[in-house]
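Coordinate analysis (summary)
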Protein chains: 2
Amino acid sequence: MKKFINSVDQVLTESLRGFGAAHHDIVRVRMDPTFVARAGAPVKGKVALISGGGSGHEPLHAGFVGKGMLDAACPGQVFTSCTPDQMVAAAEAVDGGSGVLFIVKNYSGDLMNFEMAADMISGDQATVVTNDDVAVEDSTYTTGRRGVAGTVVVEKMVGAAADKGADLAACKALGERVNKATRSMGVALTSCTVPAAGKPTFQLGEDEVEMGVGIHGEPGRKRVKLEKADAIAHTLMSAIDGDLKPKAGAPHLLFVNGFGGTPSMELYLIYDAARRYCEARNIKIARSLVGNYVTSLEMQGCSLTLVALDDELIKLWDHPVHTAALRWGV
Amino acid sequence: MKKFINSVDQVLTESLRGFGAAHHDIVRVRMDPTFVARAGAPVKGKVALISGGGSGHEPLHAGFVGKGMLDAACPGQVFTSCTPDQMVAAAEAVDGGSGVLFIVKNYSGDLMNFEMAADMISGDQATVVTNDDVAVEDSTYTTGRRGVAGTVVVEKMVGAAADKGADLAACKALGERVNKATRSMGVALTSCTVPAAGKPTFQLGEDEVEMGVGIHGEPGRKRVKLEKADAIAHTLMSAIDGDLKPKAGAPHLLFVNGFGGTPSMELYLIYDAARRYCEARNIKIARSLVGNYVTSLEMQGCSLTLVALDDELIKLWDHPVHTAALRWGV
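Being a predicted model, the structure only gives us computed values, none of them experimental.

1. Notes on the pattern of salt bridges
- One pass over the structure, following the stated rule, counts 38 salt bridges over all chains.
- Between aspartate 272 of chain A and arginine 17 of chain B there is a salt bridge, and its shortest N-O distance comes to 2.8 Å. Placement of the pair is aspartate 272 of chain A in helix 7 (residues 264-280) and arginine 17 of chain B in helix 1 (residues 11-22), with the two residues belonging to separate chains.
- When its relative accessible area of 39% is taken as the criterion, arginine 17 of chain B is described as partly exposed.
- Between aspartate 133 of chain B and arginine 146 of chain B there is a salt bridge, with its nearest N and O atoms 3.0 Å apart. Within this pair, whereas aspartate 133 of chain B is found in the loop between strand 7 (125-130) and helix 4 (150-163), its partner arginine 146 of chain B is found in the loop between strand 7 and helix 4, the two being separated by 13 residues in sequence.
- The class of aspartate 133 of chain B is buried, set by a relative accessible area of 1%.
- Bridged by salt links that share partners, the residues Arg17 of chain A together with Asp230, Asp272 and Arg276 of chain B form one connected network.

Here it is in structure tokens:
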């Protein structure tokens, strides 16, 4: 295992300490229980948004804490759910009196822990579960579809609405609406290595890719020979397209998400291929996002996400955001 | 070679086409000769900043085209200098009547081609050469020190000054001043694969790292066994520190640059280690940047950069910037 680490036990603590110091204008990192809060939280009168889950997907979620997005993120150990005490401490720290909305990716461990936390919290709270991955219906750690890169879009849209004063019920309804308008699917060219395991999560042959891979390396739809980028983009987009059934001529967000180890050059090449797929089918791309946002450590690969937009969602997407990983308008 | 590509010949064209479409609000991509110009260029009365060099280092340079930074970038083939016709076409497209400043990383091929371009341009022009890499004095493609991640800092500072109305001579003088205040050194955990070569640029043993590696995989100071992150950060920082001789208590920028394949989690862990080095030596960190900015395709590794700041440089760093890869204040 070749990684920049001092000891397996300290990876998360040292990385979070670095993150907190580098972005002290945006966040505060708290330890034991561990969470990352927006600097200046709680914001009085605003619904507080909290997400969390296993680490190793950075910048998700701590990189999305800040004005116009999350109020707190609870990082678990690598690829391991955060615990209820983290969520409870985060909720107590950032609840501004208008309730807390938990945004949870659909993994059984995450759901169980967020439900336990919800039972322990006295204030108003609600939960949105994301499940945008069209690859498989059930998976290693999931009943139903997995929550993957589309979670960033839910966090951005609901974060904007909360910033504009939407109440808890409206934030929950919006989160569920955005999740329903969002579909993703990924492909892995390589595995990744969890520090505590010390060896690759799975094995792929020199010429193989995992089509429909999960963000923890869970199996996808099939293992196939490496194809040209256009063919890979076609496989992912046609699965998304067939499931979302986009309305011809309506605006969409096209999001190419790198898994951590794929060069920017290749992500833009895949974006070009996915965009040509959309243009041929009259799927209008009104907004775009390309980069490493929901990663799997150093995995080489990417996911594509398509989101059906409307005027309200475009305004929420464009709303100012100031986080470590997404920033515009401020 | 496992990459998202259609054909080796089309990698650059398709990637740039995707980049241009994804960031149509910021840039325009021109082909034959190929360059990326700021949307709305030329800006009348502003000094135009142009950089360029081999591709494979993305987001450098095209990701830094936009308000407050570059007016144009000339991407060569992967790890290959751009050609004089690209630079001439870019200069003609973005010169707003106040001259053109070329920002060139110190590689022999780049220098030769930029000098040829300068001879072919009729308008006012000047050049700043960056050479921030303390690892080695001469290298595979370089006489003198290599220009590496510090180039981003030069482009940011001079871009801000040009945006505020500095003339060509002032922009050149500032660029040289920032370059002199900047030192970098990198380390590779793995090699990278140039698409046209189809195999890794160099070989490293399972437990080896290349200390002082160049951004094209050029040899560094020594090949050593993988050490703990604190020891690696200490080696890089002490080389930088010994060369820059930072003034105790004066403000500095600490920049951790990922080479493309290293997870965010590890980059922040290295930032934490480098910051502790600085704190122990009373090197004050006033600004920070952590992420993939000057990459070597999918190479795992990172570089550290330290820049001696002052009030003027802090204001220039904080000045609004709107590019694909750096954005704040707008």
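2. Things to note about the layout of surface pockets
- One number sums up the size of the second largest pocket: a volume of about 1300 Å³.
- Residue composition of the lining of the second largest pocket, grouped by class: 12 nonpolar, 15 polar and 10 charged.

3. Brief notes about the sheet that holds strand 12 (residues 284-291) of chain B
All names here are of chain B.
- Strand order across the open sheet formed by 6 strands is 10-9-8-13-11-12, with mixed pairing between neighbours. The strands lining the two open edges of the sheet, one partner per strand, are strand 10 (222-225) and strand 12. Adjacent strand axes in the sheet meet at a mean angle of 20° when their direction is disregarded.
- Across 4 bridges, strand 9 (residues 208-211) lies against strand 10 in antiparallel orientation. Bridge assignment links glutamate 210 to a residue of strand 10, and that residue is arginine 223.
- Along the sheet, helix 4 contacts strand 8 (182-188), strand 11 (251-258) and strand 13 (301-308); its crossing angle with strand 11, the most-contacted strand, is approximately 125°.
- Along the sheet, helix 7 (residues 264-280) makes contact with strand 11, strand 12 and strand 13, crossing strand 12 at roughly 165°.

4. A few points about the UniProt feature "domain: DhaK" (unreviewed entry) in chain A
- Per the UniProt annotation, the sites labelled "domain: DhaK" (unreviewed entry) are residues 7-328 of chain A.
- The span residues 7-328 of chain A is 32% helix and 24% strand, and its two end C-alpha atoms sit 36 Å from each other.

5. Looking at helix 3 (residues 108-120) of chain B
- Between its first and last C-alpha, helix 3 of chain B extends 19 Å over 13 residues, near the 18 Å set by a 1.5 Å rise per residue.
- Buried residues along helix 3 of chain B sit in contact with strand 3 (48-55), helix 2 (84-94), strand 6 (100-105) and strand 7 of chain B.

What counts, and at which threshold
- Residues numbered from 1 in each chain as written.
- Chains lettered and ligands numbered in written order.
- Predicted model: local features only at pLDDT ≥ 70, side-chain atom pairs only at ≥ 80, totals over all residues.
- Heavy atoms only, no water.
- Salt bridge = Lys/Arg side-chain N within 4 Å of Asp/Glu carboxyl O.
- Helix = DSSP H or I, 4+ residues; strand = E, 2+ residues; numbered from the N terminus.
- Buried < 20%, exposed > 50% of the residue type's maximum accessible area, 1.4 Å probe, protein only.
- 1 Å grid on protein atoms, 1.4 Å probe; cavity = no way out; pocket = protein on both sides within 12 Å on 5 of 7 lines; lining within 4 Å.
- Points joined across faces, edges and corners; volume = space filled by probe spheres on them.
- Nonpolar A, V, L, I, M, F, W, Y, C, P; charged D, E, K, R; others polar.
- Pairing = 2+ DSSP bridges.
- Axes fitted to C-alpha atoms, helices over the stretch in contact; angles between N-to-C directions.
- Contact = heavy atoms within 4.5 Å.
- UniProt positions renumbered as here; feature names shortened; annotations may be inferred.
- Expected span 1.5 Å × (residues − 1).

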